[in-house]
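These are the residues of each chain, in order.
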Amino acid sequence: MIIVGVYAKELSSTDIGDALCSACGMPLTMTISQRCFHVFAIPLIPLDKFAVVQCPRCRLQAEGKNLPAEMAEKIALATKEARTSPVFFTGIVLILLGVLYYNIHEFIQGIRTSDYMADPKTRDLYILPISGDKSFPYVICQVNAVTSDSITMAIGTMGYHSESDAEKAIDKGKHEGFRYFIEEYTVPRAQIATITEKVKEEGDVTVLRPGE
Ligand SMILES: [Zn+2]
């Protein structure tokens, strides 16, 4: 399997009425193609354009420095006019869409986190960098009870390398496993707010509300 490489695609093909094949006398055809760098067959970076002059009958071909010198001007013009195939921008467009999606997702998650923190509900899940293990600092906490002045939170037993690893664990339902949460703490609301606001300033808290 070829993962990365270069392929060429034809952009235009025209008959050159006044240039004839030296072997059989047929009018020659000029083809302009362009190379493109691809990754997993997805076009990523458009590269150079090049011309090929060919006889449609006997298939005699010329390209590069073998192109007929008297046609140099025509070839240069046709090369210039041949427009890069939109397909060649697929990879760039996909990358831009990915970046856009990621940013919108992060933005929306940030708004949700603020809303959920302001009005905590039972079963809310907090992802916080509070583990003592620096390699796996993120811990999942679950709100088990909410009263007017306190929140009871269970602390997960697993540490995760990143917030997204913790989110993946939640997606897989790991936090619903037997004895995932062992310790439970009841914390005054004011204190929760202080802790989460401090962590949030560092952009390191995500609150998820299952079912939403
Ligand atoms: Zn020919």
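Residues numbered from 1 in each chain as written. Predicted model: local features only at pLDDT ≥ 70, side-chain atom pairs only at ≥ 80, totals over all residues.

(A) Representation of the environment of Gly177 in the model. Note that Gly177 resides in the loop between α3 (163–171) and β8 (181–188). For Gly177, a count of 12 C-beta atoms within 10 Å corresponds to the exposed category. Separated by 19 residues in sequence, Gly177 and Thr196 place their C-alpha atoms 25 Å apart. (Helix = DSSP H or I, 4+ residues; strand = E, 2+ residues; numbered from the N terminus. Buried ≥ 20, exposed ≤ 12 C-beta atoms within 10 Å, placed from the backbone.)

(B) View of the sheet that holds strand β9 (residues 206–208). Judged by pairing direction, the sheet is antiparallel, and its five strands sit side by side in the order β8-β7-β6-β5-β9 without closing on themselves. Every other strand in the sheet has two partners, leaving β8 and β9 as the edge strands with one partner each. Here the strands of the sheet are splayed against their neighbours by 30 degrees on average, with no regard to which way each runs. Pairing between strand β5 (residues 125–128) and β9: three bridges, direction antiparallel. Bridge assignment links Ile127 to a residue of β9, and that residue is Thr206. (Pairing = 2+ DSSP bridges. Axes fitted to C-alpha atoms, helices over the stretch in contact; angles between N-to-C directions.)

(C) Spatial organisation of the domain arrangement of the protein. Domain parsing of the protein yields domain 1 (4–84) and domain 2 (100–208). The C-alpha-based centres of domain 1 and domain 2 are spaced at 60 Å. (Domains from an automatic or database assignment.)

(D) Representation of the pairing of strand β2 (residues 27–39) in the model. Both strand β1 (residues 4–20) and β2 contribute to a ladder of 13 bridges, which runs antiparallel. The partner of Val6 across the bridge, within β2, is Phe37. With antiparallel pairing between neighbouring strands as the criterion, β1 and β2 make up a hairpin whose turn holds six residues, including Gly25 at a positive phi of roughly 85 degrees. Counting the residues between successive antiparallel strands, the hairpin from β2 to strand β3 (residues 42–54) contains two residues, one of them, Phe40, with a positive phi of roughly 50 degrees.

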